[in-house]
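Residue strings, one per chain:
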Amino acid sequence: MSKSYDLAREQFAGWGVDAEAAMNALSKIAISVHCWQGDDVGGFERKSGTSGGGIQATGNHPGRARTPGELRADLDFAFSQIPGRHRVNLHAFYLDTHETPGRDEIEYRHFTPWVDWAKDKGLGLDFNPTFFAHEKADDNLTLSHPDKGIRDFWIEHGRRSREIAARIGQELGSAAVNNVWIPDGYKDIPVDRMAARQRLWDSLDAMFAARHDRARLIDAVESKLFGIGVEACTVGSHEFYLGFAARKDVALCLDMGHFHPTENIADKLSAVSLCVQDLLLHVSRPMRWDSDHVILLNDDILAMAQELVFAGLLPRTRIGLDYFDATISRTAAWVIGVRNMQKALLHALLLPQAQLKDIEHRLDHTARLSWTEELKDLPFAAVWSEFCERNEVPTGRTLISELEQYQSSVALRRT
Ligand code: RNT
Ligand code: ZN
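Residues numbered from 1 in each chain as written. Chains lettered and ligands numbered in written order. Predicted model: local features only at pLDDT ≥ 70, side-chain atom pairs only at ≥ 80, totals over all residues. Heavy atoms only, no water.

**Concerning the overall build of the protein chain**
Then comes step 1: Looking only at helices and strands, the protein chain has 14 helices and 12 strands in total.
Then comes step 2: Its C-alpha radius of gyration of 22 Å places the protein chain within 12% of the 22 Å reference for a compact globule of 415 residues.
Then comes step 3: Taken over 415 residues, the protein chain has a buried fraction of 54%.
Then comes step 4: Of all intrachain contacts in the protein chain linking residues separated by at least 6 positions in sequence, the fraction that spans at least 24 positions is 81%. (Helix = DSSP H or I, 4+ residues; strand = E, 2+ residues; numbered from the N terminus. Rg over C-alpha atoms; globule rule 2.2 N^0.38 Å. Buried < 20%, exposed > 50% of the residue type's maximum accessible area, 1.4 Å probe, protein only. Contact = heavy atoms within 4.5 Å.)

**Thoughts on the coordination of the zinc ion (ligand 2)**
Then comes step 1: The coordination sphere of the zinc ion (ligand 2), as far as protein atoms go, consists of Glu-222 (OE), Asp-255 (OD), His-282 (ND1) and Asp-322 (OD), spread over 2.1 Å.
Then comes step 2: In this structure, the zinc ion (ligand 2) is coordinated by 6 donor atoms arranged in octahedral fashion, with angles at the metal of 72 to 168 degrees.
Then comes step 3: Sequence positions of the donors to the zinc ion (ligand 2) reduce to the motif E-x32-D-x26-H-x39-D. Placement of the pair is Glu-222 in strand β6 (residues 217-222) and Asp-255 in strand β8 (residues 251-255), with a sequence separation of 33 residues. Here Glu-222 matches Asp-255 in class, with each residue buried. (Donors = N, O, S within 2.8 Å, 3.2 Å for Na, K, Ca; no water. Tetrahedral: all angles 85-135°; square planar, octahedral: opposite > 155°, others 65-115°.)

**With respect to the site of ligand 1**
Then comes step 1: For ligand 1, the full set of nearby residues is Trp-36, Ile-55, His-91, Trp-181, Glu-222, Lys-224, Asp-255, His-258, His-282, Asp-290, Asp-322 and Phe-324.
Then comes step 2: With respect to ligand 1, the side chain of Asp-255 contributes an N or O atom lying 2.9 Å from an oxygen atom.
Then comes step 3: Take Asp-290: an N or O atom from its side chain is 3.4 Å from an oxygen atom of ligand 1.
Then comes step 4: For ligand 1, whose unbound accessible area comes to 310 Å², protein coverage reaches 100%.
Then comes step 5: Judged by the fraction of its atoms near the pocket grid, ligand 1 is located in the largest cavity.
Then comes step 6: Here the shell around ligand 1 is composed, by residue class, of 4 nonpolar, 3 polar and 5 charged. (Near = heavy atom within 4 Å. Polar contact = N/O pair within 3.5 Å; in protein donor to acceptor, adjacent residues only side chain to side chain. Areas by Shrake-Rupley, 256 points an atom, 1.4 Å probe, with all protein chains shown as cover. 1 Å grid on protein atoms, 1.4 Å probe; cavity = no way out; pocket = protein on both sides within 12 Å on 5 of 7 lines; lining within 4 Å. Sits in = over half its atoms within 2 Å of the grid points. Nonpolar A, V, L, I, M, F, W, Y, C, P; charged D, E, K, R; others polar.)

**A word on unusual backbone geometry**
Then comes step 1: At Asp-249, a position not held by glycine, the phi torsion is positive, near 60 degrees.
Then comes step 2: Residue position: Asp-249 is located in the loop between α7 (238-248) and β8.
Then comes step 3: Taking the relative accessible area as the measure of exposure, Asp-249 reaches 42% and is therefore partly exposed.
Then comes step 4: The backbone of Asp-292 shows a phi angle near 55 degrees, a positive value even though the residue is not glycine.
Then comes step 5: Summarising the element assignment, Asp-292 is placed in strand β11 (residues 289-293).

**Digging into the pattern of salt bridges**
Side chains bearing opposite charge may pair, as long as their charged atoms lie close to each other.
Then comes step 1: Taken as a whole, this structure holds 28 salt bridges when the rule is applied.
Then comes step 2: For Asp-96, the salt bridge goes to Arg-72, with nearest N and O atoms at 2.7 Å. Residue Asp-96 is located in the loop between β2 (87-89) and α4 (112-121), and its partner Arg-72 is located in helix α3 (residues 68-80); the two are separated by 24 residues in the primary sequence. There is no split in this pair, since Asp-96 and Arg-72 are both buried.
Then comes step 3: The salt bridge involving Lys-121 is made with Asp-76; its shortest N-O contact spans 3.6 Å. Of this pair, Lys-121 sits in helix α4 while Asp-76 sits in helix α3, and the two are 45 residues apart along the sequence.
Then comes step 4: Its relative accessible area of 37% is what places Lys-121 among the partly exposed residues. (Salt bridge = Lys/Arg side-chain N within 4 Å of Asp/Glu carboxyl O.)

**Notes on the nonpolar core**
Then comes step 1: If you look at the biggest cluster of nonpolar residues, it comprises 122 residues, and the most contacted ones within it are Leu-204 and Met-341.
Then comes step 2: Looking at which element gives the most residues to this core, the answer is helix α10 (residues 330-349), with 11 residues.
Then comes step 3: Not counting chain neighbours up to four residues away, the residues in contact with Leu-204 comprise Leu-143, Val-180, Phe-240, Tyr-241 and Phe-244.
Then comes step 4: Judged by nonpolar contacts, the second largest core, of 7 residues, contains Val-177, Ile-218, Ala-251 and Leu-280. (Core = buried A, V, L, I, M, F, W, Y, C linked by side-chain atoms within 4.5 Å.)

As structure tokens, then:
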């Protein structure tokens, strides 16, 4: 145990906080790490194409993973720099097979190398149907398309994704989240929003018709405000999915980049959790728009983590990350982002929650302000370092040189 941790533990104890308990709680929180940061949302279908769907990775930094094997090797490295046990979030177009199934033909067996790897490494897996980067999604319309044939194609893709996710959850003994995000919307002002939303509702109904055991599969739906080429109207808006999730009892996914820039996403958690059972987060950093920058340890993330902890929402929230920056080392992007999410959670776990709530309950707003401001000076970093040391992962300059070394080795090998 380091001297600085010893001092920090005493200081936290002086505020009534048990640093050991905080580290213990942190070690139980798995982060769902998005595979798509590793290859700029490209996927491994045996054909070329852009990601489309109004999302866009920018940059051409060397070292992008080009095969499932390279992506897994990069994830292995990233996890060697991240304390704790986590999950990997797969998209359907990251299948690992020599076959070339259509999106409406995918099966569990196309993903078994991922499951074998996850079993071997003690990781959980989550899943997403891929409703973009496909010729049948070129109009940015899928489940809400006016053409029934196209809707049916995507319904089938969604159904199969649920089956695959449920099987993955069963194999790994931990429920897989299957998150549905579709790009559907209109570039210019539509005249029949009602029809589009009705079609989406009906398609989702058909897709979710088959029952799956919750111990294997958690269905989730993700809303959005707008995307590139879909500026005027998004069919699956926040109100649409909040209502759908509440009525159909599926999880609601809140992506931090999918709201107006000044909205406070942390504030939404308590509100939506009163009508929705399970929550999924896509922790992201929008800059001026849904730009999907690597998450920083900034006020937005700290506020999110504090709400999760203080509102008691950790047991029914899955924390996923969603960003993709192709201008920097992709492995560094993973490591920095996951560690920032963990640091934010640790920060929240190290606050004297009961005392703060009591102060607010007594309407002592002066004390609430003086406490929250004084607490910012506590030595959170010493506890984080101790946590990393106990988990045998580096911090500081050592971490930085590990990240640089890996990046230069992959950049050399992959050019
Ligand atoms: C898009 C959504 C969605 C995607 C991933 C790849 O705006 O955020 O979650 O980023 O599914
Ligand atoms: Zn998202």
